[in-house]
Amino acid sequence: MKDAFGGVINMVFVALFLLIMIGILGLVVSYTKAFKMKNIIITHIENYEASGCFTEDTACMNKIKASAEGIGYGSRIKCPEDYGKIDGLFCYKEIISTNTENHVSSRPTSYRIITQVDLDLPIISSIFSINFFQVVGDTRVIETKSTP
């Protein structure tokens, strides 16, 4: 009987180890999706020079949504207060450069993009707000036309 009890404890340790390893691998895959999505969004914003990337039914937004579907990215992101939110995919903030001495007819602007790692843990997600697994990136400076 003593040997049978030791075998059960070993099986519990093996099952616990496998559960932890599967959880870590799931986190790595989700983080990779969020990081890739951030890069895709930044690339589209830079290619379109932010024209139509933050409104619905534009070429830029349609490409961002198609890319999100293509990599299987979906998130219920919670944005900070001063950030805009686009369809639960990402948050953005316009950062206007203060150095405008060489820019008479344009306004140097960059955008900060936040995507979130989607951790869908049924019990834990309803109790805690898990938003510390976020990926943040900035676009290069984009010259937007200033309004007189």
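One structure accompanies this document, and this report is about it. The model shown is predicted, which means the values in this text are computed figures rather than measured ones.

Considerations on the nonpolar core
Okay, step 1: Residues Ile-45, Phe-54 and Phe-90 are the most contacted members of the largest nonpolar core, which totals 23 residues.
Okay, step 2: The greatest single-element share of this core, amounting to 6 residues, is contributed by helix α1 (residues 2-47).
Okay, step 3: Ignoring any residue separated from it by four or fewer positions in sequence, one finds Ile-45 in contact with Ala-50, Cys-53, Phe-54, Tyr-111, Ile-113, Thr-139 and Ile-142.

A word on the state of the cysteines
Okay, step 1: Counting across every chain of the model gives 2 disulfides.
Okay, step 2: Paired by a disulfide, Cys-53 and Cys-60 hold their sulfur atoms 2.0 Å apart. Between Cys-53 and Cys-60, the S-S torsion sits near 100 degrees, and that sign places the bridge as right-handed. One exposure class covers both Cys-53 and Cys-60, and it is buried.
Okay, step 3: Covalent S-S linkage joins Cys-79 and Cys-91, the inter-sulfur distance amounting to 1.8 Å. Here Cys-79 and Cys-91 share a disulfide; its torsion about the S-S bond, -85 degrees, makes the bridge left-handed. Of the two residues, Cys-79 sits in the loop between α2 (59-71) and β1 (84-86) while Cys-91 sits in strand β2 (residues 90-96), which places them 12 residues apart along the sequence.

Comments concerning the pattern of salt bridges
Okay, step 1: Applying the stated criterion across every chain yields a total of 4 salt bridges.
Okay, step 2: Of the charged contacts, one joins Glu-56 and Lys-65 as a salt bridge, the two residues approaching to 2.7 Å between their closest N and O atoms.
Okay, step 3: Classification of Glu-56 as partly exposed rests on a relative accessible area of 43%.
Okay, step 4: One salt bridge in this structure joins Lys-93 and Asp-82, with 2.9 Å as the shortest N-O distance. Note that Lys-93 is positioned in strand β2 and Asp-82 in the loop between α2 and β1, a separation of 11 residues in sequence.
Okay, step 5: Note on Lys-93: relative accessible area 26%, which makes it partly exposed.
Okay, step 6: If you follow the salt bridges from partner to partner, you end up with Glu-56, Lys-65 and Asp-87 in one network.

Reading guide: rules and limits
- Residues numbered from 1 in each chain as written.
- Predicted model: local features only at pLDDT ≥ 70, side-chain atom pairs only at ≥ 80, totals over all residues.
- Heavy atoms only, no water.
- Core = buried A, V, L, I, M, F, W, Y, C linked by side-chain atoms within 4.5 Å.
- Buried < 20%, exposed > 50% of the residue type's maximum accessible area, 1.4 Å probe, protein only.
- Helix = DSSP H or I, 4+ residues; strand = E, 2+ residues; numbered from the N terminus.
- Contact = heavy atoms within 4.5 Å.
- Disulfide = S-S within 2.5 Å.
- Salt bridge = Lys/Arg side-chain N within 4 Å of Asp/Glu carboxyl O.

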